[in-house]
Amino acid sequence: MSASAETSNGRGRWILQASSIAACLLAWQAASSFHADLGIVTFANVPTPVEVLKAGIDFAKSPKLLNDLSSSLMRVFAGYGIAAVVGIALGVAIGRSRRASDLLMAPLELMRPIPAVAWIPLAVLMFPSSELSMIYITFIGALFPILLNTIHGVEHVDQRLIASARSLGATRSAILREVILPGAAPNIVTGLAVGMGTSWFCLITAEMISGQYGIGYFTWESYTLQNYSDIVVGMILIGLLGMGSSYLLRKVGTVLTPWHTVEEARR
């Protein structure tokens, strides 16, 4: 495909995506303006996009934005960073060792279906501060997507590459660095991107229940004060932060795994 054709195709996709968002906003504006009542769903108390935009501008001018945003970002990056280190390390160990799998997978699989909100009461009891408990909830939310994708990536590394490296005299550490981690890297990046989204989801839930600052707390406080426009502002901000951080991770992953990009282009 020529460069001009790729540019035209990319422009067409952007136009389609922008049109989709515009159509959703128009439908929202109409439903809220006319207080549409669809039976099981009513828009009588839902603010219009214009009202939400005004509330967003007011929130952007408020000193609360920096305080709430910095609190949420600190909690997410702390919990997510720990989850990335632990998830990748455990995933490599479980993917490479049957003994590690037998030892670790049973308790991990027992914990995995437990929703993050169910951990909140226990986390409050376990940790001396609400900050640590919220970081723990974020850690739990991000851990399992990273862990499972890492295991999948490690287990599906081409065994012929590992055998070839061994035949050339590579040590176990060299095989890990030069064969297994590069081979599993695309799956690891996918797990990191998914884990970032779930960490935001879990953090917001924790902030709504036990936080005093943060975007989740701002959203819940707006509900209790019946500032309906601010509720939507908080929701949109959460969505933008989650989408932006996941997108950034995918872009970084593409840069760090150029061999995978070349393989995808050849298919």
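Calculation notes
Residues numbered from 1 in each chain as written. Predicted model: local features only at pLDDT ≥ 70, side-chain atom pairs only at ≥ 80, totals over all residues. Heavy atoms only, no water. Salt bridge = Lys/Arg side-chain N within 4 Å of Asp/Glu carboxyl O. Helix = DSSP H or I, 4+ residues; strand = E, 2+ residues; numbered from the N terminus. Buried < 20%, exposed > 50% of the residue type's maximum accessible area, 1.4 Å probe, protein only. Patch = residues over 30% accessible without salt bridge, like charges linked within 9 Å, V, L, I, M, F, W, Y side chains within 5 Å. Areas by Shrake-Rupley, 256 points an atom, 1.4 Å probe, with all protein chains shown as cover. Axes fitted to C-alpha atoms, helices over the stretch in contact; angles between N-to-C directions. Parallel < 35°, antiparallel > 145°, perpendicular 65-115°, else oblique. Contact = heavy atoms within 4.5 Å. Nonpolar A, V, L, I, M, F, W, Y, C, P; charged D, E, K, R; others polar.

Caption draft 1: Region of interest: the pattern of salt bridges. As enumerated under the stated definition, the model contains 5 salt bridges in all. In this structure, lysine 64 engages glutamate 221 in a salt bridge whose closest nitrogen and oxygen atoms are separated by 3.3 Å. In this pair, lysine 64 is assigned in helix 3 (residues 64-96) and glutamate 221 in helix 9 (residues 215-224), connecting sequence segments 157 residues apart. Under the relative-accessibility criterion, lysine 64 is labelled partly exposed at 36%. Take glutamate 221: its relative accessible area is 23%, and that puts it in the partly exposed class. In this structure, glutamate 131 engages arginine 75 in a salt bridge whose closest nitrogen and oxygen atoms are separated by 2.5 Å. Pair noted here: glutamate 131 is in helix 6 (residues 130-155) and arginine 75 is in helix 3, with a separation of 56 residues, a long-range link. Judged by relative accessible area, which is 1%, arginine 75 ranks as buried. One network of salt bridges, in which partners are shared, links Arg75, Glu131 and Glu207.

Caption draft 2: Up close: a nonpolar patch on the surface. On the surface, Val117, Met208, Ile209, Trp220 and Tyr223 cluster together into a nonpolar patch covering about 480 Å² of accessible area. Secondary-structure elements contributing two or more residues to the nonpolar patch are helix 8 (172-210) and helix 9. Here methionine 208 shows up in helix 8. Among the residues examined, methionine 208 registers a relative accessible area of 30% and is labelled partly exposed.

Caption draft 3: The packing of helix 3 against helix 9, seen in detail. Where helix 3 meets helix 9, the axes come as close as 7 Å, and the angle between the chain directions of the two elements is 125 degrees. When the axis of helix 3 is compared with that of helix 9, the two are oblique. Residues Lys64, Asp68, Leu69 and Ser72 of helix 3 lie in contact with helix 9, whose contacting residues are Ile215, Phe218 and Glu221. Residues that form the contact of helix 3 with helix 9 fall into these classes: 3 nonpolar, 1 polar and 3 charged.

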